[in-house]
Amino acid sequence: MALQTIDLTAEYAGIEKLVTALVSTGKKYNIDKIKSAYLFAKKLHEGQYRASGEEYITHPVAVAEIVAGLELDTDSICAALLHDTIEDCGDKVSTDIIRREFGDDVARLVDGLTKMVQIPFEDKEEEHIENLRKMFLAMSKDVRVIFIKLCDRLHNMRTLRAKKDDKRRVIALETMQVFAPLAHRLGMQKMKQELENLSLEYLDPIGYEEISSNIEKRYGESRDFIENLRKTVSDKLTSSGLKFTLEGRVKSVYSIYRKMYLQNKSFDEIFDFYALRVIVDTEEECYIVLGMIHELFSMVPGRFKDYISIPKPNMYRSLHTTVIGKSAIPFEVQIRTKEMHRIAEYGVAAHWKYKSGEESKEDIDRKLGWIAKLIETEDDTRDPEEFLKALKIDIMHDEVFVFTPKGDIITLPQGATVIDFAYAIHSEVGNKMIGAKINGMIVPIDRTPQNGEIVEIITSSASRGPSRDWMKIVTTGEARNKIRQWFKREMRTENIQVGKSEIDREFKRIGTPCTDDQRNEILLNIGRRIGIQDIDDLYNTIGYGGILISKLSARIRDEFDRVVKVEEPRVQTAEDVSTVKNAKKTSGGVEIDGVNGLTVKFAKCCNPLPGDKIVGFITKGYGISVHKSDCRNISENRGKPELAGRFVDARWEKTENSGERFEAQIRIIAVNDIRLIADITMALADMRVSLLGITSNSKGDYTVVELLVACKNLDHFNSIVSRLRSVPNVEQVSRGSAQ
Ligand code: MN
C-alpha cells in the first residue's frame, strides 16, 4: 500500500517525515497533490529565511505536520504548505494561480489564511483587529481555516525564541488573549494547553520557571501517593471486570498559574495539582466508575460536575469529581469514554474528521454558530475596538447555563443579561420583549441570570421594539447586533435624524463655523475611513449605533482642522505652542538646515525625543516646530502644495547628556487593580523619572493609563517603557500621542 510514497527523491526530502506519517495512518490521502503543493511553496519561498536562520519552507512543512496530526484532509495539508505564499510572495503568486493549480477549496483556505494588509488604517491596532475579523469571517465559512491557523500559531509559538524580545511579548499576548481561548471554544484542549504554556513562558518567564520547578519537586515528593492512588483505583476497577485505561496527569503550568493568580494562592496552597483519568467504553460505565470512586474516597462537596448530561458548549463531555483519600490530599478524577476523550483532546477537529458528509457539516455549523454570530457584525460595525471587545467577551468568558420555561438549555457568557437571553432565543423574542421573569419572579431587564435559573421573557405584540438604551445594557455581541439590525431596518429616517443631530452637536462643540461644503468634505473624509461613501449612510450608521459618536469626535476635530484651517495646520495653533514646555529653549539641541535665528519648539502632537527622526515646520509667527518625521500631522500635510517649502530638515545635535528633559507620552493598558496607579508611580519614582501628568480610564476589565513623563532621550524612554512592562497587571506599554 505504501508504494506511492517510497520514491522520495532529494527534491522531496523536506516532506519525507510528513508523507511517511500520512501513509502510516492507512487513510486515503492524495500524496501527489501534497508533494506538488510542497514543491510549489518551496520554490516561492526560495531564498527566504526564518528568524532562526532556517530556510523558510521548514515552517509551512512543520505546520502541515501538525495539521496532519489533527487528521485533517489532503486539502488542509496542501493549504498549510501554501499558507504563507500569498502574503510573503504576493508579487509572484495570487489566489487565482493557487485555484488553478490546487482547486477551489485549497485556494479558499489559503486566502482565509492570508492576512489582508491593504486597508488604509491609521494605526497598527486597527489593521490588526481587521485581520482578526477577516480570519473569523473566513473560519465561519470553513472551519478548517481556523484549525490550520491554530497549527500555524502553535508552530510560531514553539519557535518564538528566535524572535526579538518585544515581538515575542506581543505575539505571546495575542496567543493568550485570542488563540488559546479560541482553541478552548473549539474544544481543542491539547492545543489550548500548549499555547497557554508557551505564552506564559514569554509573558511571565519567572513565574513559569518557578511553577514548573515546583511541579517537578512536588511530583517527586508525591510519587508514593500517586502510585498508591493508581493501584487502589486500578484494583477496584479490575475486580469489577471492567475494561478501562487509567491515565495520571499533573495539571498544566498555566492552569496552576491561573489558580494562584485568580485565587491569590501560593503554590503550596494548590492541592489538586494531580488528576486521575479513567477511560472506559460506554457512557453507563462512566457512572459505574463514578460510583466506585465515591465508594473508595470521600467526595469533596460542590466539586462534582456532570458534563455528560450537560456537555460544555465546546462539546466537552466527562464526569469530574474531586475526592480525598486517607492521605488527606484532594485530587480530581475525570471519567469519560474513548469517544469523549478524543473530543476532549481535539474538539471540533475530532468531530470534523470523524464524520463526513452533509449531516455532520450541519452539525458542525450548529456547533460553530457562535462564530457566525460574532461575524454578523461584519457589515454593521465599523468599530474595530468594539469588535475586539465582543470577540473577547464571546470567546473568553465562561458560560452560564440557564433554562427556558420549556426546559431547553441556553448558554450565555458570564455577565449576560436577560435581554441577551431574549436575543439568544430569537431576535423576535428580543424585539418584542417588555419584561422578564427569573424563577417566576419579575426582574429588572439588566438582571444577570445565574447557572440553573429558569428565565422567562415576557413579550407583547404591542411592543414598539427595543430601546436604544438596551445597547448600553447588553453584553453579548449577538444581542447588540440584533438590536442594531432592528434599528437599521426599521428606523432609517429616524436614525438619520439622530445621527445628524449628534454630528451637529460635535460641530457646535468645536465652536468655529464652517461652510456646508466644508462640512460635507469633513464628513465624507470620515466616512471613507470607515468604508461609508454617503453622508446619509454615515448619519444612519451613527443613528443605529453602528459606530459611536464618541469614537468619531477626535476624527471630526482632526478633519475640521485639516479642511477648515488648512492655512494654519493644527500643529502651530497658539494653544499648542504655549503648552510646549521646551519652548523657551532656543535650539533645544536641534540643528535646522538652512534656517537661522528662528525659535525652535517641540510639537505637542508627537513630542519628539532625541534619537527620533525629526523634521521641522516653519510656522507663521512661532518659529520652527519640530515633529517626529512619522507624525501624522506631518505626513498628512507634507504633500500639500500650499505648504511646500515650509518643511525643513532637522536633526539632533550630538551633545550628550545636556541634562535637558523632554516630555514624552506613555500609554499603558493594564488589568484593573486598585494598586495599579500606586505601582506605576512607584516604578517611576524608583527610576527617578518625573511624572508631569497622569490620567486613567477604565474600560471593562482593563484600565488605560496615560502618562506624561520627562525623559532624556529615546534610549532613556525605552528603558522607562521596559521597566513599566514589569509592573504587575500591566499588559501593554506603548508610546502615546496627543491625539
Ligand atoms: Mn505561518
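What counts, and where the lines are drawn
- Residues numbered from 1 in each chain as written.
- Predicted model: local features only at pLDDT ≥ 70, side-chain atom pairs only at ≥ 80, totals over all residues.
- Heavy atoms only, no water.
- Donors = N, O, S within 2.8 Å, 3.2 Å for Na, K, Ca; no water.
- Helix = DSSP H or I, 4+ residues; strand = E, 2+ residues; numbered from the N terminus.
- Buried < 20%, exposed > 50% of the residue type's maximum accessible area, 1.4 Å probe, protein only.
- Pairing = 2+ DSSP bridges.
- Axes fitted to C-alpha atoms, helices over the stretch in contact; angles between N-to-C directions.
- Contact = heavy atoms within 4.5 Å.
- Salt bridge = Lys/Arg side-chain N within 4 Å of Asp/Glu carboxyl O.
- Core = buried A, V, L, I, M, F, W, Y, C linked by side-chain atoms within 4.5 Å.
- Disulfide = S-S within 2.5 Å.
- Phe/Tyr/Trp six-rings, centres within 6.5 Å; stacked < 30°, edge-to-face > 60°.
- Lys NZ or Arg CZ within 6 Å of the ring centre and 35° of its normal.

1. Concerning the coordination of the manganese ion
Ligation of the manganese ion by protein atoms is provided by His 59 (NE2), His 83 (NE2), Asp 84 (OD) and Asp 152 (OD), these donors lying 2.2 to 2.5 Å from the ion. Mapped onto the polypeptide sequence, the residues donating to the manganese ion form the spacing pattern H-x23-H-D-x67-D. With His 59 in helix H4 (residues 58–69) and Asp 84 in the loop between helix H5 (74–82) and helix H6 (85–88), this residue pair connects regions lying 25 residues apart in the sequence. Take Asp 84: its relative accessible area is 8%, and that puts it in the buried class.

2. Thoughts on the environment of Ser 222
Its location among the elements puts Ser 222 in the loop between helix H13 (205–221) and helix H14 (223–239). Exposure remark for Ser 222: the relative accessible area of 9% places this residue in the buried category. Note: C-alpha distance between Ser 222 and Ile 329 (107 residues apart in sequence) is 10.0 Å.

3. Overview of the sheet that holds strand S18 (residues 691–699)
If you trace the 4 strands from one edge of the open sheet to the other, you get S18-S19-S17-S20, paired in antiparallel fashion. The sheet terminates laterally at S18 and strand S20 (730–735), the two strands that pair on one side only. Between one strand axis and the next, the sheet turns through 20° on average, direction left out of account. Against the sheet, helix H32 (residues 676–686) engages strand S17 (662–671), S18, strand S19 (702–711) and S20, with an angle of about 20° to S19.

4. Some details on the sheet that holds strand S16 (residues 647–652)
Taken together, 5 strands build an open sheet; the order of strands is S12-S16-S14-S15-S13 and the sheet is mixed. Two strands lie at the open edges of the sheet, namely strand S12 (590–592) and strand S13 (600–602), each paired on one side alone. Neighbour-to-neighbour, the strand axes of this sheet turn through a mean angle of 35°, independent of strand direction.

5. Observations concerning the pattern of salt bridges
Scanning the model with the defined rule gives 31 salt bridges in all. The shortest N-O distance in the salt bridge between Asp 235 and Lys 231 comes to 2.9 Å. One end of the pair is Asp 235 and the other is Lys 231, both in helix H14 and 4 residues apart, which spans about a single turn. A salt bridge links Glu 706 to Arg 667, with the shortest nitrogen-to-oxygen separation between them at 3.9 Å.

6. Regarding the nonpolar core
Of all hydrophobic cores here, the largest spans 100 residues; its most connected members are Ile 77, Leu 82, Ile 98, Phe 147, Leu 150, Met 188 and Ile 335. The greatest single-element share of this core, amounting to 9 residues, is contributed by helix H11 (residues 165–185). Look past the residues within four positions of Ile 77 in its chain and what remains in contact with it is Leu 18, Leu 22, Tyr 29, Ile 34, Ala 64, Val 67, Ala 68 and Leu 72. Grouped together as the second largest cluster of nonpolar side chains are 32 residues, Val 626, Phe 662, Ile 666 and Ala 683 included.

7. A closer look at the state of the cysteines
Enumeration over the complete set of coordinates arrives at 0 disulfides. We note that Cys 606 lacks a disulfide partner, and the nearest cysteine sulfur, in Cys 631, lies 3.8 Å from it. Exposure remark for Cys 606: the relative accessible area of 9% places this residue in the buried category.

8. Section: the packing of aromatic side chains
Scanning all chains against the criterion turns up 9 aromatic pairs. Three or more aromatic residues joined by ring pairs form one cluster here, namely Phe 225, Phe 297 and Phe 331. If you follow Lys 35 out to its NZ or CZ, it ends over the ring of Tyr 12, 5.0 Å from the centre. A cation sits over an aromatic face here: Arg 735 above Phe 717, 5.2 Å from the ring centre.

9. Focus on helix H28 (residues 535–543)
Burial within H28 is extensive, with 7 of its 9 residues counted as buried. Taken from the residues just after H28, Gly 545 is the one with a positive phi, measuring 90°.

10. Section: the pairing of strand S6 (residues 330–337)
Within a regular beta strand, the side chains point alternately toward one face of the sheet and then the other, so they alternate between its two faces. Counting buried residues along S6, 8 of its 8 residues qualify, which places the element largely inside the surrounding structure. In S6, alternate side chains face the same way, and those of Pro 330, Glu 332, Gln 334 and Arg 336 on one face and Phe 331, Val 333, Ile 335 and Thr 337 on the other are all buried. Here strand S2 (residues 274–280) runs beside S6; their pairing, made up of 6 bridges, is parallel. Looking across to S6, one finds that Val 278 is bridged to Ile 335. Sheet topology places strand S5 (residues 319–324) next to S6; 6 bridges connect them, and they run antiparallel. Bridge pairing links Thr 322 to Glu 332 in S6. Hairpin connection from S5 to S6: 5 residues lie between these consecutive antiparallel strands, with Ala 328 at a positive phi of about 65°.

11. With respect to the side chain of Thr 404
In this structure, Thr 404 sits in the loop between strand S7 (399–403) and strand S8 (409–413). Discounting chain neighbours no more than four positions away, the residues touching Thr 404 are Ile 410, Phe 421, Ile 425, Ile 454 and Val 455.

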